[in-house]
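# Coordinates in review
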Amino acid sequence: MGTIARNTTELSMMSSTPLSRRLAGSAALVAVLGATGLSLGIASPALAVPAGGYGDLVAAVSPAVVYIEVTAKAQPTNMSGQLPEDLPEELRRQFERMMPEGEMPARQGLGSGFIISEDGKIVTNNHVVEGAETVTVKLADGRAFDATVIGSDPLTDVAVLQLDTEEPLPFVRFGKSDAMRAGDEVVAVGNPYGLGGTVTSGIVSALSRNINSGPYDDYIQTDAAINRGNSGGPLFNNAGEVIGMNTAIFSPDGGSVGIGFAVPSDLVQHIVADLSDDGMITRGWLGVQIKPMPEDIAQVLGYDTPRGAVIENVTPDSPAAKAGLMQGDIILSFNETAIAELRDLTRAVAATDPEAVVPVTVLHKGTEKTLDVTIGTLANPNA
């Protein structure tokens, strides 16, 4: 059975470090540590391979693609917590006496990123730098700089770094991921298996993929080869614009089988702007528990397929409660965004600025009505 893996290249055993972790869902998501690059304009649908190939594009963007080395903090050895709870006490003591004491040595990992500003701001994956004690960034021209993690967001797997330098650096710009279509050509630049700048090409295989890695899944799927070490790297359109950040692959053995996933650039830019402000993520809060519309309810209402989000519970004194949303209401649209499935509402609310007043259309006892809701601030933005 195949697994979904966040690509990682590891220089030492990393199975117990935060640089390699299993995410939610039936498949494993293992860190993708190694592609890089951004783009130079506004994304437009790619129509054909440029005459002569991608050489000019790669030459233009490669200086802004970086190679990231991470040293994770040493972890104390504590195997006792891994023993079965019902293990007889005498046997438990025997196992504990056999276990080594002290700390596991510091571990290293490799990844990729791309420079987005002249002063050395870099975007990469959260899982590339999560738990890092030191971060070193190497440029394509051989220069190396220490980097500081400004902030990171585990739920979208986006992190922002700042290089310790006053030198002006080459950088790339984001394109618009929502301009991409299935079938459009793309190019990935990265650091698979620590090999350095590597270029692969393919197409957008699908958009808005949910791979069950978190509540805000909205991935671009591509068949451009992405392997361990490509995490944090860019996915370009034919104009040399970054329209995604390579993050995960589906693989039976850890290698590329032509199913890779990238965080859309539109989402990356939103998270980067939020993290760059104060290193923290701020997410909107509505205050409802929701469930999908049952098939039988959809049929009664005359819908071909279920739509919207059914409110199971309204949190007291929440924005939803204050606006008059009630248990049993079906949210059909939020801030003029149609709600086809639950994650549509989750993403839309999270991306809304607190204190913003937005229209929410609900089906209440068979009648559609629109309420104005003042959005609150999610207390735990990582939940």
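Residues numbered from 1 in each chain as written. Predicted model: local features only at pLDDT ≥ 70, side-chain atom pairs only at ≥ 80, totals over all residues. Heavy atoms only, no water.

## So, the packing of aromatic side chains
The full count for this structure, using the stated rule, is 2 aromatic pairs. Seen from their ring centres, F114 and F174 are 5.9 Å apart, and the 80° between their planes marks the pair as edge-to-face. With F114 in strand β6 (residues 107-115) and F174 in the loop between β10 (158-163) and β11 (185-190), this residue pair connects regions lying 60 residues apart in the sequence. Each ring, one from Y219 and one from F261, has its centre 6.2 Å from the other, and the planes form 65°; the classification is edge-to-face. Residue Y219 is located in strand β13 (residues 219-222), and its partner F261 is located in strand β16 (residues 260-264); the two are separated by 42 residues in the primary sequence. Comparing Y219 with F261 shows no difference in burial state: the two are buried. (Phe/Tyr/Trp six-rings, centres within 6.5 Å; stacked < 30°, edge-to-face > 60°. Helix = DSSP H or I, 4+ residues; strand = E, 2+ residues; numbered from the N terminus. Buried < 20%, exposed > 50% of the residue type's maximum accessible area, 1.4 Å probe, protein only.)

## Digging into the environment of I281
Inspection of the secondary structure puts I281 in the loop between α4 (265-278) and β17 (284-285). Sequence separation of I281 and P381 is 100 residues, and the distance between their C-alpha atoms is 6.3 Å. With residues near it in sequence (within four places) discarded, I281 still touches D153, I271, D274, L275 and P381. (Contact = heavy atoms within 4.5 Å.)

## A closer look at the nonpolar core
In terms of nonpolar packing, the biggest core is built from 44 residues, with V123 and V137 touching the most fellow members. The element that contributes the greatest number of residues to this core is β10, accounting for 5 residues. Once residues within four sequence positions are removed from consideration, V123 is found in contact with G113, F114, I116, V158, A159, F174, G232, M245, V268 and V272. L286, L345, V373 and I375 belong to the second largest nonpolar core, which has 19 residues in total. (Core = buried A, V, L, I, M, F, W, Y, C linked by side-chain atoms within 4.5 Å.)

## A look at the environment of A225
Along the chain, A225 turns up in the loop between β13 and β14 (234-236). With a relative accessible area of 27%, A225 lands in the partly exposed category. Sequence spacing of A225 and I249 is 24 residues, and the spatial spacing of their C-alpha atoms is 9.3 Å. Not counting residues within four places of it along the chain, the set of residues in contact with A225 comprises T200 and S256.

## Re the pattern of salt bridges
A complete count under the given rule lists 9 salt bridges for this structure. We note a salt bridge from R347 to D218, for which the minimum N-O separation is 3.9 Å. In this pair, R347 is assigned in helix α7 (residues 342-350) and D218 in the loop between β12 (198-209) and β13, connecting sequence segments 129 residues apart. For R347, a relative accessible area of 21% gives the class partly exposed. The salt bridge partner of R347 is D344, with a shortest N-O separation of 3.4 Å. (Salt bridge = Lys/Arg side-chain N within 4 Å of Asp/Glu carboxyl O.)

## Re α4
Helix length check: α4, at 14 residues, gives a terminal C-alpha distance of 21 Å against a target of 20 Å (1.5 Å per residue), a fit within 8%. Those residues of α4 that fall on the buried side of the exposure criterion are S265, V268, I271, V272, D274 and L275. The elements touched by buried residues of α4 are β7 (121-124), β9 (144-153), β10, β15 (242-251) and β16. The first or second residue beyond α4 is G279, which carries a positive phi of 80°. (Expected span 1.5 Å × (residues − 1).)

## Some points on empty space enclosed by the protein
Under the definition given, this model contains 1 cavity of 30 Å³ or more. Counted as a void, the largest cavity has a volume near 60 Å³. Considering the residues around the largest cavity, the lining is formed by L155, T156, Y216, D217, D218, Y219, V263, P264 and L267. Partitioning the lining of the largest cavity into residue classes produces 6 nonpolar, 1 polar and 2 charged. (1 Å grid on protein atoms, 1.4 Å probe; cavity = no way out; pocket = protein on both sides within 12 Å on 5 of 7 lines; lining within 4 Å. Points joined across faces, edges and corners; volume = space filled by probe spheres on them. Nonpolar A, V, L, I, M, F, W, Y, C, P; charged D, E, K, R; others polar.)

## Topic: the layout of surface pockets
By volume, the largest pocket amounts to about 460 Å³. Forming the boundary of the largest pocket are 22 residues, of which D218, P264, D266, L267 and R347 lie nearest the centre. Where the lining of the largest pocket is concerned, the elements lending two or more residues are β12, β13, α4 and α7. If you tally residues by element for the lining of the largest pocket, the top one is α4, at 5 residues. The residue inventory of the lining of the largest pocket, partitioned by class, reads 11 nonpolar, 5 polar and 6 charged. Of the pockets and cavities examined, the second largest pocket occupies roughly 280 Å³. Those elements that provide at least two residues to the lining of the second largest pocket are β17, β18 (288-292) and α7.

## A closer look at the pairing of β16
The element β16 is extensively covered by neighbouring structure, given that 5 of its 5 residues are classed as buried. Relative to β16, β13 is paired through 3 bridges, and the arrangement is antiparallel. Its bridge partner lying in β16, T222 is registered against G260. In the sheet, β15 pairs with β16 via 5 bridges, with the strands oriented antiparallel. Paired with G244 across the two strands is P264, which belongs to β16. (Pairing = 2+ DSSP bridges.)

## A short note on the confidence of the model for the protein
Per-residue confidence for the protein gives a mean pLDDT of 81; residues scoring 70 or more make up 78%. Mean pLDDT across the elements of the protein ranges from a minimum in strand β2 (residues 9-10), with 36, to a maximum in β7, with 96. Taken together, the stretch residues 8-47 has pLDDT below 50 and engages in 202 contacts with residues farther than four places along the chain or on a different chain. (pLDDT = per-residue confidence, 0-100.)

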